[in-house]
Amino acid sequence: LSELDELLSLELHLSLKSSEEWVTCPESMTLMSAKERNGQSFSVRLNTQGLKPGVHYASVHAVDSSDEQRGPLFSVPITVIVPHSRFVTKDKPTFLLNDSSDESIELKNNGLDLTTTFRLEQGVPNRRFITVPMGAEWATIKLKSTDVSTGGAAPRVLLHAIPFVRGDMPNTECQLKRLFVVKEGVEDEYHVRVKGGSSLEMCLQLLWLANPSPASVTADVEFHSLNIRSPALPTLMSSQPITITPSSEFARLGASSPLRAEQLNPECKLKSVLRTLRPSSVDVTLGSAERDSEPPSDAEIASNPDEESSQIYEMRLSYKLKVEGDKPIEVRPSFPSIFNQIYDSPVDSQIWSLQDNNAKIITYGSCMHHASPTSLKKGDYTVSLLLRHPSRSTLDQMKDIPCEISMTMPSALSCNIYSELDKASTPAVKDDGRKSMEEKLLSKGSHQDIYVARPTDALPSWVAPGDVLQGALVLDKDKEAVSSMKVLYVAPPKSTAKNGDDEKSETKKKEDSLEDVVFKAKLGHLASLRTKNATVYKEIATTLMDERPESVPLLTEMLTFALEGPLPDGEADNEDQVRLAEVEKVYNQSLKENGGPIDPLALAQYFGLNEPDKDELDADDEAKELNKDMKEKRDALKKILLERASLCGIVADKDSAEVSQFEKAVKDLKQWSSVESLKDDDEKIKLTITLARYARICQEKMSLAISLLLKAKKDLSSGKNLKLLDDELLALFDVVDGMSHVKENLNEGLYYRHPVFKRNV
């Protein structure tokens, strides 16, 4: 018979037996094919009236009536929790939990709070189950000793409170675990979130190793609620956040005190930025034939003995991340849609890695437990995600899975909280005497509207439109752990509004003439010939130089050609000398004395004084144009001097006869450039290496050269030429006595920081 025929022919007569009298089930049932009958079920009834408070367990066993020796074919487990609070009422407020009367539970006069006593033995957990009143949002547990002090060691007790069970939330996100020392006359107070209508489990256990004798503890349980209400957030326990959209400027919610008078002392701060990324590349491949195969099941083998193993597919997704800003940022990638899922995960496995632009793996993460935030400097990074599944079509349909990047802001942004709508809807207004909501006491049954306004302080410059700022609204700063809610603010588009003066300056902008447009087109054509035909390039460059000898963009293009253009035939071995000669020509052509656009003396005189401020430049078009022209010439001169000194250093390192030329080039460079004045990280690296070579070759100051390179390694994290810093350090350690061990250590670390083979997850 085929496997399907075997399934359809299934017919078992089962006897059903319960293990406890309070469980009632049918005496028998006939189990037939689930495929044919679309599943079967039977009813179980529970009679819990006579059960004592606590946990009760039972099971229903199904036994084959024709062969009871086989034992149970399946069992249905049944767990019943009878709350201790069920046995106390206003008419009977006290219930004894044992015959010795040293443990009890008592309902207080307000008909809401409870007091219960524990007699703790070493290493034995002692539980209480309490029904949470409807509407309660958190509970306050107050613990104190009822023993008379004997002068011995104070008992150490572990408190474990579980407010409810939710299948899609890890227990660590809702439970309370605290270790405390019980001292006579001292009351310890703890807060835990609860859910109205559920059972709160409170367990105390005396540590067996540190406590030689039993102890008695009294626990007072108080229930609180602010009955927080909003369209998206029905309770404090909800996972839905409060959202401030870019257009609304504020979010509204209401607080009330249905159970007792409550303290309201709100505060709202945004602490991190969430950025969503989509994959930049996707690659689905078949896993290893030897390792990534799934053996057939017993049923498949019974149906077809020649059934082969099925292969597992792998999908690798890459996400591009750009970190901006002058200071390092704490970053943590995650994939919320498939996070915190193991047994019910839609994929077989998942793992991600964060890499820098040199393919160095910085950190890893998986489907459970957030990775620790990683401090990243300015630069480009890649997040790689690996997903595995036996079905390729399933992976193909998940190829757009989003990646969430959490970035911690250097300082939190405060959101003002108001009790009036007009104040919250105009958060930017500050001079009308408005005040944020202050601390107040909500009497029982009263209500208070709360308006959370968007932050008025400037967002960090690296926050992009569409990013989501995340923080928390705390309703009572003294009980932050149980009165806080997640708040999201979607970053709006950046303002492009201009005042009247800005609009006037825009209209005054000088438009390019026809000759300027044609010259720019010629420059674009010249750049396209840079690596194709050197002869034609030089002819056109000479013509353009005769046409406009003072053009700075033309000078910059000629410098680029000198560095990247094709070498003359037979000069491959002398590349550095050839390119140095070409750069020297460009430098000479740039000088005013040779008909070029740059006058170093005029630049020194202009920038030697304080620059005009922005208002002065806006008021004077000629001064503004002069400032722009001077900055363009200064930047061109700095770039030429840097490339000239760098090539001189390379040549001088090979030929000692060129040391004097290198020394002169560095002195000219130092007059105009410093590492701090450069914006591009690759230029900073090149300048650092040049100065280090100058200290090593010309000044013979090895320690200075090493310190310059080590400082650059510490400060710079981006740039394509970071490996050059390590190469220069290795060259330095070669000529310094006693540094062989340092060189060996640095050399071994090169493969970690700059992998030759780019690893993947």
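Reading guide: rules and limits
Residues numbered from 1 in each chain as written. Predicted model: local features only at pLDDT ≥ 70, side-chain atom pairs only at ≥ 80, totals over all residues. Heavy atoms only, no water. Pairing = 2+ DSSP bridges. Helix = DSSP H or I, 4+ residues; strand = E, 2+ residues; numbered from the N terminus. Axes fitted to C-alpha atoms, helices over the stretch in contact; angles between N-to-C directions. Parallel < 35°, antiparallel > 145°, perpendicular 65-115°, else oblique. Left-handed = near helix turned anticlockwise from the far one by under 90°. Contact = heavy atoms within 4.5 Å. Nonpolar A, V, L, I, M, F, W, Y, C, P; charged D, E, K, R; others polar. Buried < 20%, exposed > 50% of the residue type's maximum accessible area, 1.4 Å probe, protein only. pLDDT = per-residue confidence, 0-100. Phe/Tyr/Trp six-rings, centres within 6.5 Å; stacked < 30°, edge-to-face > 60°. Lys NZ or Arg CZ within 6 Å of the ring centre and 35° of its normal. Expected span 1.5 Å × (residues − 1).

The next subject is the sheet that holds strand β33 (residues 447-453). Hydrogen bonding along the main chain pairs the strands of a sheet, whether they run parallel or antiparallel. Strands sit in the order β18-β33-β31 across an open sheet of 3 strands; the sheet is antiparallel. Edge positions in the open sheet fall to β18 (250-256) and β31 (417-418), since each of these has one partner strand only. Where β18 meets β33, 7 bridges bridge the pair, whose relative direction is antiparallel. If you follow L253 over to β33, its bridge partner there is I450.

For the rest of this paragraph, the subject is the packing of helix α16 (residues 681-698) against helix α17 (residues 702-715). Running from N to C, α16 and α17 cross one another at 165 degrees; their axes reach a closest spacing of 7 Å. Looking at the two axes, α16 sits roughly antiparallel to α17. Of the two elements, α16 crosses α17, and the hand of that crossing is left-handed. Two secondary-structure elements touch here, α16 through T688, I689, L691, A692, A695 and R696 and α17 through M702, L704, A705, L708, L709 and A712. Residue classes in the contact of α16 with α17 are distributed as 10 nonpolar, 1 polar and 1 charged.

Tracing the sequence through the fold places L475 in the loop between β34 (468-474) and α6 (480-483). With a relative accessible area of 0%, L475 lands in the buried category.

Once that is clear, we can look at the packing of helix α10 (residues 552-564) against helix α11 (residues 575-590). Across the interface, α10 lies against α11 with an axial gap of 8 Å and an inter-helix angle of 170 degrees. One element, α10, and the other, α11, form an angle in the roughly antiparallel class. Contacts between α10 and α11 involve L555, M558, L559, F561, A562, L563 and E564 from the former and R579, E582, V583, V586, Q589 and S590 from the latter. Counted by class, the contact of α10 with α11 contains 8 nonpolar, 2 polar and 3 charged residues.

When the pLDDT values of the chain are averaged, the result is 87; 93% of them are 70 or greater. In this model residues 230-234 is a low-confidence stretch, pLDDT under 50, and it forms 11 contacts with partners more than four residues away in sequence or in other chains.

Here the focus is the packing of aromatic side chains. Summed over all chains, the structure comprises 7 aromatic pairs. Each ring, one from F250 and one from Y451, has its centre 6.0 Å from the other, and the planes form 65 degrees; the classification is edge-to-face. Linking F250 in strand β18 with Y451 in strand β33, this pair joins segments that are 201 residues apart in sequence. Sitting above the plane of the Y418 ring, R434 keeps its charged end 5.5 Å from the centroid. Just above the ring of Y587 sits the side chain of R644; from NZ or CZ to the centre is 4.5 Å.

Among the 7 residues in strand β35 (residues 484-490), 5 count as buried, and that is most of the element. When β34 meets β35, the two strands line up antiparallel, connected through 7 bridges. Note on β35: the bridge partner recorded for V468 is V490.

Read across the open sheet, the 5 strands follow the order β21-β24-β29-β26-β27; overall the sheet is antiparallel. Looking at which strands have only one partner, the edges of the open sheet turn out to be β21 (281-286) and β27 (361-365). Geometrically, the sheet is characterised by an average inter-axis angle of 20 degrees between neighbouring strands, direction not taken into account. In terms of strand pairing, strand β24 (residues 313-323) meets strand β29 (residues 379-389) through 11 bridges, oriented antiparallel. If you follow K320 over to β29, its bridge partner there is T382.

Attention now moves to α11. For α11, which comprises 16 residues, the first-to-last C-alpha distance of 23 Å matches the rise-based estimate of 22 Å (1.5 Å per residue) to within 8%. Those residues of α11 that sit buried are D576, V578, R579, L580, V583, V586, Y587 and S590. Each element contacted by the buried residues of α11 is listed here: α10, α14 (621-654) and α15 (659-670).

Look at N340: it is not a glycine, yet its phi comes out positive at around 60 degrees. Positionally, N340 belongs in the loop between β25 (329-334) and β26 (349-356). Of the residues examined, N340 reaches a relative accessible area of 25% and is grouped as partly exposed. Of note in the backbone geometry, E700 takes a positive phi value of approximately 55 degrees without being a glycine. Examined against the element boundaries, E700 turns out to sit in the loop between α16 and α17.

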